[in-house]
Structures are given as structure tokens and as C-alpha cells.
Amino acid sequence: MEKLVITGGTPLKGEISIIGAKNSAIAIIPATLLCNGICTLHNVPNIIDVKLSCEILEQLGSKITWIDTNSLLIDNRNINKTHAPLDLTSKFRASYYLIGAMLSRCKEIEVGLPGGCNLGARPIDQHIKGFEALGAVANLSQGKINVKADKLVGTNIYMDIVSVGATINVLLSSIFAEGTTTIDNAAKEPHIVDVANFLNSLGADIRGAGTDLIKINGVKALKENVTYSIVPDQIETGTFMLAAIASKGDLTIKNCIPEHMDSLTSKIIEIGGNVEAYGDVIHVWSSNRPQKTVIKTLPYPGFPTDLQPQMGVVLSIADGTSIINESIWESRFQYTAELNKMGARITAQGKSAIFEGVSHLTGAPVYATDLRAGAALVIAGIIANGTTEIYNLKHIDRGYENIETKFSKLGAQIKRIVE
Ligand code: EPU
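Residues numbered from 1 in each chain as written. Predicted model: local features only at pLDDT ≥ 70, side-chain atom pairs only at ≥ 80, totals over all residues. Heavy atoms only, no water.

Caption draft 1: Examining a nonpolar patch on the surface more closely. A surface patch of nonpolar side chains, about 230 Å² in accessible area, is lined by Val294, Ile323 and Ile354. Mapping isoleucine 354 onto the fold places it in strand E20 (residues 352-356). Among the residues examined, isoleucine 354 registers a relative accessible area of 39% and is labelled partly exposed. (Patch = residues over 30% accessible without salt bridge, like charges linked within 9 Å, V, L, I, M, F, W, Y side chains within 5 Å. Areas by Shrake-Rupley, 256 points an atom, 1.4 Å probe, with all protein chains shown as cover. Salt bridge = Lys/Arg side-chain N within 4 Å of Asp/Glu carboxyl O. Helix = DSSP H or I, 4+ residues; strand = E, 2+ residues; numbered from the N terminus. Buried < 20%, exposed > 50% of the residue type's maximum accessible area, 1.4 Å probe, protein only.)

Here is the structure:
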């Protein structure tokens, strides 16, 4: 068993470079299936979820090579299966993107129902609504989903809920549909724009990605070659920004997109931190105890749910009582019980939590309940008095590349230990 051991108390200082976005990479890797040729992807995060995505594509016939630590060459000229292995696809959430991609490529796909972090109910009804509107038939049984179509025909699709996954999946499945597809009430996250940019660079005709109305004019085929670089990770950027504020540190964060961080930047300034942005660099620092605030997570450009636990650590040591309302996931406050073991005073009930700020956290053994909870606990360990041990690292490794190496370079005393 592996654990992270952190001796807290050092303000983070220095420069860090952000890698490509996990949630973009795990959509773009299946999206390469629309290309009957070779895709070269740069700025790919070297994380477990990306490796799983590659393994699944390989099972369908892709040939995939890491050409360096963060670049992949994906050769999809020999896709020869439409049934993806259930054990692999049910391990993580983004396996649902195979449905949209393979519907476009082969008009059929069978995958295990998607797994991923336990954040409460994670239905895929909006994905299915989109596939069916385009003319596909979906069958769910015994933990798997089979989706088939004789042909796909463009139509107008209104999403009842703003969903990142459903927006990308319907986008993937509509690229070769006859005529025009519109997705209304679409999600606007940076990785939606990234997937659309990737597909457009292959010759797709997608307009309006990044707004709530996306229009896809069906094309007959895509190019057989593309080189593309994944957008910097908004959530990794935010994780380091919040680590700087929590530790009263001073970080220069490079290779990021400051505009993607606007909601977080505003909140950081509101609670007394400092942020300056220039080009693709964010300078973030603080020397004071954070002030209390109220936060509600929302789809982009609102405050991201994927930064809610990291912000929770900051508010756990704020001056005063803060409130977070989580509007996306039912069960994203599991980390608060772990923070309470470290001396925080947080009361979570349903989709709200009250943070009575304490003067400091104290190191303790804690358990990463999901990916962003794990990142939050790393920040908590870095600011706590004494030693924190974090268990269940498989969640953290799903989404953060070399988290301990990156934080060590900034002065954190953090080690991975194999027991
Ligand atoms: N929803 C439905 N029906 C659907 C789809 C979604 O009711 O068909 C609901 C969900 O239950 C949730 C809300 O809509 O309440 C939003 O879900 P969304 O579909 O946007 O989430 P997702 O695509 O499953 C992605 C990220 C999550 C991130 C959310 C929100 C991936 C693989 N996952 O999930 O990332 O929290 O968008 O931004 O891209 C993470 O990285 O830690 C993570 C959990």
C-alpha cells in the first residue's frame, strides 16, 4: 500500500508548470476514433485515467505509443471491435465517450456502465437522449450499455441539464450525422471547446463551442492525420492557486489560461489573496489569514465543483464562518469528515457545508475519498502542524501527474512511501 507523508508548515514558493487537462485528454483520446489515421497528441497528462483510456482503445484495435512523457501517437487505422472490455470501461467515468465516438465510427458500441469517483448518482440519461434523437437505439442491461444506429441524422437537441459529458458525447456522435445538429443548453467548460477545436482541426464543422448553443454541420469524413496539443488543466491550475493561498505562499503558475480561472480568481481576491495574470502565467500569493465567504458551485463559468474541496481547505482555516453550496454533485463533502480529523470544524449536510474557520489544522492519518478530495487533503497536509498521512492514493493518481514531485519542488515536505 502506498501513502503520502507530509510534514506541514512550509509556505509554498516558486514556479510550477501546468500540464494538459485530464478531462479534456480523456475525451480527446476516444475522439481520435473518428480519425481513420494517425493522431499525435501533445501536452497529455501522464495519469491513470489517460492510461486506462489508451488501454481501452488498444482493445478495440488502436496502436498507441508514448513518444515522450506527455505525447501520444494514436494509430486508429485498424479498429476491429465494437465491444469494449467491460472490466476496463466500468472502471472510470469517461469510458462513456467511447459511445459517441464509436457510434460515429462504427454505428455500434457496447461498454460497461461508467464508474469513476463516488460523488452520488451519476445518470447518463442526457447522453442517451442525444444519441436517440440522432437515430440510435440504446439498450441497458446487466451493467452494460449497447448503442446502435443504422444511420445518424442531425436534429435539434435540448439538454435538460447542463452536462459536460452529455455535451461532448452528443458532439462526438453528430460529426458525421446527415445535416445539422444543434445542442441547446450545452455545457461551456474549457474542455468542451478543446474537444471541438481538436475535431475541427481534423475537418469537422462545429460552431459555437464555449456558448450554450453548439451547431454541428455533418461532414462525410475527417482528415487522416492531425497533431494537437491539449489545453492546460483548469483544475490543476486552481489546485496550485488554492495551495498558495492556504499556505500563505507565493507561486508563479506557468502554461495556464488565466481567463479559465476568473471565478476562482475573484473568490481568492474576495477572501484577501492576491492574483496577477499576464499571458499564460498567473502569480498568486497571500500573507494573511483568508477571510470567510459564501460559494456555490456551478457549471462553467461559475465556480467549478472540481475545486470545491480544495477551496474547502482554505475556508477551514478562514477568519469567520463560510458556507459552500454544492450544486453539481450530491455527495461531494466526504472530504470534510477527513478535514475534521485534522481539527477543522465543518458541518456538512446534503449539498451544503458550514465551515467555522479554525486557526490551524493538525496532521492526522486521512483517507482520499475521491480525486479532488485527495488534492484537498494534500493541501491540508501542507498547511497542518505536524505530520499527515494520506491513504487511498489511487484516486489522486487518476488525475494528478506526479503530485508529490510538483509540490516538493515548491518547498512542501511530501514523500510517497510504499508500505
Ligand atoms: N447529469 C444528469 N444526467 C446526465 C448527465 C449528467 O442528470 O445524463 C447530472 C449529473 O448527475 C450532475 C450534473 O448533471 O449532477 C453534471 O454532470 P456532468 O455530466 O456535467 O458531469 P460529468 O460529465 O459526469 C465531468 C467531469 C467531472 C466534473 C463534472 C462537472 C469528466 C470525466 N468528469 O463529469 O470531473 O465534476 O464534469 O464539471 O470529465 C473530476 O475531475 O474530479 C470530476 C469529477
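The rest of the description comes next.
Caption draft 2: Here's a closer look at the sheet that holds strand E16 (residues 281-285). Spatial strand order, E2-E14-E16-E15: 4 strands in an open sheet with mixed pairing. Lying at the two open borders of the sheet, with one neighbouring strand each, are strand E2 (13-17) and strand E15 (274-278). Averaged over all pairs of adjacent strands, the angle between strand axes in this sheet comes to 15 degrees, irrespective of strand direction. On the sheet, helix H8 (residues 234-246) packs against E2, strand E14 (250-254), E15 and E16 and is oriented at approximately 25 degrees with respect to E16. (Pairing = 2+ DSSP bridges. Axes fitted to C-alpha atoms, helices over the stretch in contact; angles between N-to-C directions. Contact = heavy atoms within 4.5 Å.)

Caption draft 3: Expanded view of the layout of surface pockets. Each pocket or cavity is described by its volume, and for the largest pocket that value is around 970 Å³. Residue lining of the largest pocket: 44 residues in total, with Arg122, Val164, Gly165, Ile328 and Trp329 positioned closest to the centre. Those elements giving two or more residues to the lining of the largest pocket turn out to be helix H1 (22-31), helix H5 (125-133), helix H6 (164-174), H8 and helix H12 (371-383). When the residues that make up the lining of the largest pocket are grouped by side-chain class, the tally is 22 nonpolar, 10 polar and 12 charged. Of the residues that make up the lining of the largest pocket, three or more belong to each of domain 1 (2-19 + 232-418) and domain 2 (22-229). In this model, the second largest pocket occupies a volume close to 250 Å³. The wall of the second largest pocket is formed by 15 residues, among which Ala246, Lys248, Ile317, Ser359 and Ile383 lie closest to the centre. Here the lining of the second largest pocket is composed, by residue class, of 7 nonpolar, 6 polar and 2 charged. (1 Å grid on protein atoms, 1.4 Å probe; cavity = no way out; pocket = protein on both sides within 12 Å on 5 of 7 lines; lining within 4 Å. Points joined across faces, edges and corners; volume = space filled by probe spheres on them. Nonpolar A, V, L, I, M, F, W, Y, C, P; charged D, E, K, R; others polar. Domains from an automatic or database assignment.)

Caption draft 4: Main features of the pairing of strand E8 (residues 144-148). Sheet topology note: the strand E6 (residues 108-112)/E8 ladder contains 5 bridges and is antiparallel. Bridged to glutamate 110 within E8 is asparagine 146. In this structure, strand E7 (residues 137-141) lies alongside E8, joined through 5 bridges in antiparallel fashion. Along E8, the bridge assignment pairs leucine 140 with isoleucine 145. Adjacent in sequence and paired antiparallel, E7 and E8 are bridged by 2 residues, among which glutamine 142 carries a positive phi angle near 45 degrees.

Caption draft 5: Structural detail: the site of the ligand. Not every one of the 25 residues close to the ligand is listed here, only the nearest: Gln126, Ser163, Val164, Asp306 and Ile328. Here proline 123 contributes a backbone N or O atom positioned 3.4 Å from an oxygen atom of the ligand. In the complex, 91% of the free accessible area of the ligand, which totals 830 Å², lies under the protein chains. Spatially, the ligand is embedded in the largest pocket. Looking at the shell around the ligand, the elements that each hand over two or more residues are H1, H5, H6 and H12. Looking at the shell around the ligand, its residues break down into 12 nonpolar, 6 polar and 7 charged. The two domains that each donate at least three residues to the shell around the ligand are domain 1 (2-19 + 232-418) and domain 2 (22-229). (Near = heavy atom within 4 Å. Polar contact = N/O pair within 3.5 Å; in protein donor to acceptor, adjacent residues only side chain to side chain. Sits in = over half its atoms within 2 Å of the grid points.)

Caption draft 6: Representation of empty space enclosed by the protein. Enumeration over the complete set of coordinates arrives at 2 cavities of 30 Å³ or more. One number sums up the size of the largest cavity: a volume of about 90 Å³. In terms of lining residues, the largest cavity is bounded by Ala21, Lys22, Asn23, Pro190, His191, Val231, Pro232, Asp233, Gln234, Ile235, His260 and Arg372. Of all the secondary structure elements, the ones that give two or more residues to the lining of the largest cavity are H1, helix H7 (190-201) and H8. Partitioning the lining of the largest cavity into residue classes produces 5 nonpolar, 4 polar and 3 charged. Composition of the lining of the largest cavity by domain shows at least three residues from each of domain 1 (2-19 + 232-418) and domain 2 (22-229).

Caption draft 7: Expanded view of the side chain of threonine 336. Considering the arrangement of structural elements, one finds threonine 336 in helix H11 (residues 334-341). When residues no more than four places from it in sequence are discounted, the contact partners of threonine 336 are Ile346, Ala348 and Phe355.

Caption draft 8: Just the pattern of salt bridges, in detail. Tallying each qualifying case throughout the model produces 18 salt bridges. Residues arginine 77 and aspartate 75 are paired through a salt bridge, measuring 2.7 Å at the closest nitrogen-oxygen approach. For aspartate 75, a relative accessible area of 11% translates into the label buried. Salt bridges here are not isolated pairs; linked through shared partners, they connect Glu2, Asp397, Glu404 and Arg416.

Caption draft 9: Unusual backbone geometry, seen in detail. The residue after tyrosine 300, namely proline 301, is reached through a cis peptide bond having omega 10 degrees. Take proline 301: it is sitting in the loop between strand E17 (294-296) and helix H10 (308-316). Residue asparagine 185 is not a glycine yet carries a positive backbone phi of 65 degrees. With respect to the element layout, asparagine 185 can be found in the loop between strand E10 (180-184) and H7. Judged by relative accessible area, which is 19%, asparagine 185 ranks as buried. Of note, lysine 248 is a non-glycine position whose phi angle comes to about 55 degrees, a positive value. Within the secondary structure, lysine 248 is located in the loop between H8 and E14. Judged by its relative accessible area of 39%, lysine 248 is partly exposed.

Interpretation note: all reported values are geometric properties and have no functional meaning in isolation.
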